[in-house]
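Okay, here's what each chain looks like letter by letter:
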Amino acid sequence: MTIGRDGITGLVLLAISLVLLVQSFQLPSLPIVPVGPGFYPAIVLSFMAAASALLVLQDLMKRAPVTAGAGDAPRRNYRLVVIAFAIVGCYVVLLPLVGFRLATVLFVGALQAALGRPRTSRQWAVLAAIALGTAAASYFIFERYLLVLLPRGAWTGF
Amino acid sequence: MLDLLWHGLVNVAQWKYLVPLFAGTFIGVIGGSLPGVTITMTVIVVLPFTYGLDPLAGLAAMTGVYVGGSTGGLIACCLLGIPGSPASIATTFDGFPMARNGEPGRAIWLGVWASVWGGLLGALFLVFLTGPLAAIALEFGPWEYFSLFVLAMAMVAGLTESSLLKGLISTAIGLLITVVGHDPIGSVPRFTFGSEFIGGGFPFLPVLIGIFAFAQIMTDLEKLNGPRGQAVEPLVGIRLERFSHLKVNLEIFKQPVLLGWATVVGLIIGILPAIGGSASSVMAYDQAKKFSKTPERFGKGHPEGIIASEASNNANVSGSLMTIMAFGIPGDAVTAVMLGAMTIHGIQSGPLFISQNPDLAYGIYAAYILAHPCMLLICVALMPLMLRVTSVRMAVLAPVVLVLCVVGAYALNNTMQSVYVLLLFGVVGYALVKLGFPLAPLILGLILGDQIEINLVRAIMTDANPWLFMTRPISGGLLAAAVLSVALAIWQHLRHQSRVAEEEPDF
């Protein structure tokens, strides 16, 4: 009997549910309301804990997976996903520091380059045009036309 | 009623509403025709543009996206053999074979016209049935509302393809997200761990955008630089053959029962909470095949398959709009975003929505009706562009969509906190998808969480007897239906497992 991915996920969710369930019992009750603020969360968390425990059980009782045919599954490019998340993370950090316009140019350019590296100078020019165009178009549409104030940079002042 | 509808049509025909409606429909058609870009993602992209608009203009734009997206998906179906959006999935079965048989124009235009007629038939139901449905909903007390929400969640969790347990856990995660922050009755902070960041709870739209958009885009990026996984050559950049629009319409109207039935199937699936267009398109296709005199021609370029799929997915939009307007429950993720947009403008949807906001309600009906001629006009005028748009690279699309997601989150209250929530739930959404958890139940839990709690506490405050949930006829009936729905899902799952066990050799 071995534990699989679903079993581990179930265990993590079970642990989270139980910790929060204990917290929900410690919430103060209110004099005018017959049920306290922890009443509803306790129902949700009990349900989640029960379902997570069942998921662990289901995983433990599952037959060993058949490995044949695993090679037919399409190859996944997880490296690209990690890079994309990292670039989005940098964008979110840079937004309040360098402002929307500069951060957006850098973000769109960097993510495009990461997803499909330009090889010729023409491709680099297209990449730069899309980065500048996206930042300029979204700035003008949102700030000038729709009056949505976009982030200003603490370092750059614009 | 008809004079209110006429007033709504005249109102939406003004430039200030017609331009957002037309623009939304155009973006919807383009978004729908891009493989990997769902209608939900398109409406998320359009969302920040609606913040600065009049509520009706914003909702008209979103209705346009919904109608346009439901049709746009068929172009990729017919030319690439993959659905542009999940709502068009069944169009692929006959649209692509017909296009490969040398009739791409007939395939696409059969789909476009079937969408128009299915959508307009759906509009009849939308206009005439939403009011009576809302009247039924007005009879509901907190017990009935609580039970209705439980039924909605049970149905969605039960319909998940992967695992019922994961569907239920996903629902619970959605509900759990809504309890973080101050409780709605006494404002006691819950699960905030003293943090100011989550003190006010997680704002709904950044969570929704993060979960849906990131899960979708990152899953698409995984497949980048890999094989397309297609056994046959796509038909990108081709020219459509000469054909007659009249002939295509006659072909559709020769099958009035098929058109009507596909519309009704789409409508019913749309009314049921959070099931979505893909189920309606597949179910209508399945029904068309069962009742057809020539079922053997399905899958080989049969026009009946295209008509059923496309009529139903556009009628599905009207069903979803009925649910949001009568009950305040989103019919699917697209209407969930619309519900969020309504909240931003301070509009409460639900049974009183039509009587309290008749201009807005009939404006939405009018926008839905007018979106169809707009969509037709866009398809006629811009078909050559749309034939090319299916080949736009993900490397260009992904950064632009992500920028609009960030703007959408930031512009909600002009703070970076919403952007951090967006990123946090982007990671959570992607992780859940990779672990095999369906997102639809989570989203429904997220939308209904507050309402479930408020109605539960309100019911207990009115009368502490918990048996009332079961003894009040409508509430009891809804709860029984919820139990039946879960039991049916378990039975189907067990039956499927035993079939698989019979087919698999025992090593």
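J.: Is there a simple way to explain the overall build of chain B in this structure?
T.: Helix and strand content of chain B: 21 helices and two strands. Against the globule reference of 23 Å for 507 residues, chain B gives a C-alpha radius of gyration of 22 Å, in line with a compact fold. With respect to the three principal axes, the spread of C-alpha positions in chain B is 70 × 70 × 45 Å. Split into buried and exposed, the 507 residues of chain B put 60% on the buried side.

J.: Just checking my understanding: could you explain the interface of chain B and chain A for this structure?
T.: Many analyses report the size of an interface as the accessible area lost when the parts associate. Counting residues at the interface gives 51 residues for chain B, matched by 53 residues for chain A. Broken down by secondary-structure element, the contributors of at least two residues to the side of chain B that touches chain A are helix 3 (39–50), helix 8 (164–179), helix 9 (204–222), helix 17 (394–410), helix 18 (416–434) and helix 19 (439–462) of chain B. In terms of residue count, helix 17 of chain B provides more of the side of chain B that touches chain A than any other element does, 10 residues in total. When its residues are assigned to classes, the side of chain B that touches chain A shows 39 nonpolar, six polar and six charged.

J.: What should I look at first to understand the packing of helix 3 of chain B against helix 14 (residues 333–344) of chain B in this one?
T.: Packed helices, taken two at a time, are described by the angle between their axes plus the distance between the axes. Residue and element names in this part refer to chain B. The contact between helix 3 and helix 14 brings their axes to 9 Å, and the two run at 15°. Here helix 3 lies roughly parallel to helix 14, going by the angle between them. As for how helix 3 packs across helix 14, the hand of that crossing is right-handed. Touching Ile39, Thr40, Val43, Ile44, Leu47 and Thr50 of helix 3 are Ala333, Val334, Val337 and Ala341, all from helix 14. Looking at the contact of helix 3 with helix 14 residue by residue, the classes come out as eight nonpolar, two polar and no charged.

J.: Help me understand helix 2 (residues 15–33) of chain B, please; the structure alone is not making it clear to me.
T.: Side chains three or four residues apart in an α-helix point the same way, a direct result of the helix having 3.6 residues per turn. With 19 residues, helix 2 of chain B ought to run about 27 Å at 1.5 Å a step, and its terminal C-alpha atoms sit 26 Å apart, in line with that. Where burial is concerned, most of helix 2 of chain B is hidden: 14 out of the 19 residues are buried.

J.: How should unusual backbone geometry be read in this particular structure?
T.: The backbone phi angle of Phe191 of chain B is positive, close to 50°, even though this residue is not glycine. With respect to the helices and strands, the residue Phe191 of chain B is situated in the loop between strand 2 (189–190) and helix 9.

J.: Before we go on, may I ask you to explain the environment of Ala482 of chain B in this structure?
T.: All names here are of chain B. Relative to the elements of secondary structure, Ala482 occurs in helix 21 (residues 473–503). A tally of 21 C-beta atoms within 10 Å means that Ala482 is categorised as buried. When the C-alpha atoms of Ala482 and Ala152 are compared, they prove to be 7.7 Å apart, with 330 residues separating the residues in sequence. Those residues in contact with Ala482 that sit more than four places away from it in its chain are Val150, Leu151 and Ala154.

J.: Any chance you could explain the confidence of the model for chain B here in plain terms?
T.: Caution is warranted with low-pLDDT regions, since their predicted coordinates should not be read in detail. Residues and elements named next belong to chain B. For chain B, the mean per-residue pLDDT works out to 83, and 91% of the residues sit at or above 70. Taken element by element, the predicted model of chain B shows its lowest mean pLDDT in helix 12 (residues 277–291) (78) and its highest in helix 18 (93). Across the interface, the model reports ipTM at 0.93; the global pTM reads 0.81.

Conventions adopted
- All chains use their own residue numbering, which begins from 1 and follows the written sequence.
- For naming, the first written chain is A and the first written ligand is 1, with later ones following in the order written.
- Restriction of local features to residues with pLDDT of at least 70 applies here, the model being predicted, together with a cutoff of 80 or more for giving and counting side-chain atom pairs; totals for whole chains, interfaces and linings are based on all residues.
- The way it works is that DSSP assigns letters per residue, a run of H or I at least four long becomes a helix, a run of E at least two long becomes a strand, and they are numbered from the N terminus.
- For this measure, only C-alpha atoms enter the radius of gyration; the expected value for a globule follows 2.2 Å times N^0.38, where N is the number of residues.
- Residues with at least 20 other C-beta atoms within 10 Å of their own are called buried, those with 12 or fewer are called exposed, and the rest are partly exposed. The C-beta atoms themselves are positioned from the backbone.
- Contact between two residues is assigned whenever their backbone-derived C-beta positions fall within 7 Å.
- By the convention adopted, Pro, Cys, Tyr, Trp, Phe, Met, Ile, Leu, Val and Ala count as nonpolar, Lys, Arg, Asp and Glu as charged, and the other residues, Gly among them, as polar.
- Structural elements are reduced to axes, namely lines fitted to C-alpha atoms, with helices fitted over the stretch in contact, and the angle between N-to-C directions of any two is expressed from 0 to 180 degrees.
- Reported orientations rely on four angle classes, namely roughly parallel under 35 degrees, roughly antiparallel over 145, roughly perpendicular from 65 to 115, and oblique for the rest.
- In this scheme the handedness of a crossing depends on how the near helix is turned from the far one: anticlockwise by less than a right angle means left-handed, clockwise means right-handed.
- What a helix should span is 1.5 Å times the count of its residues minus one.
- The score called pLDDT rates the predictor's confidence residue by residue, from a low of 0 to a high of 100.

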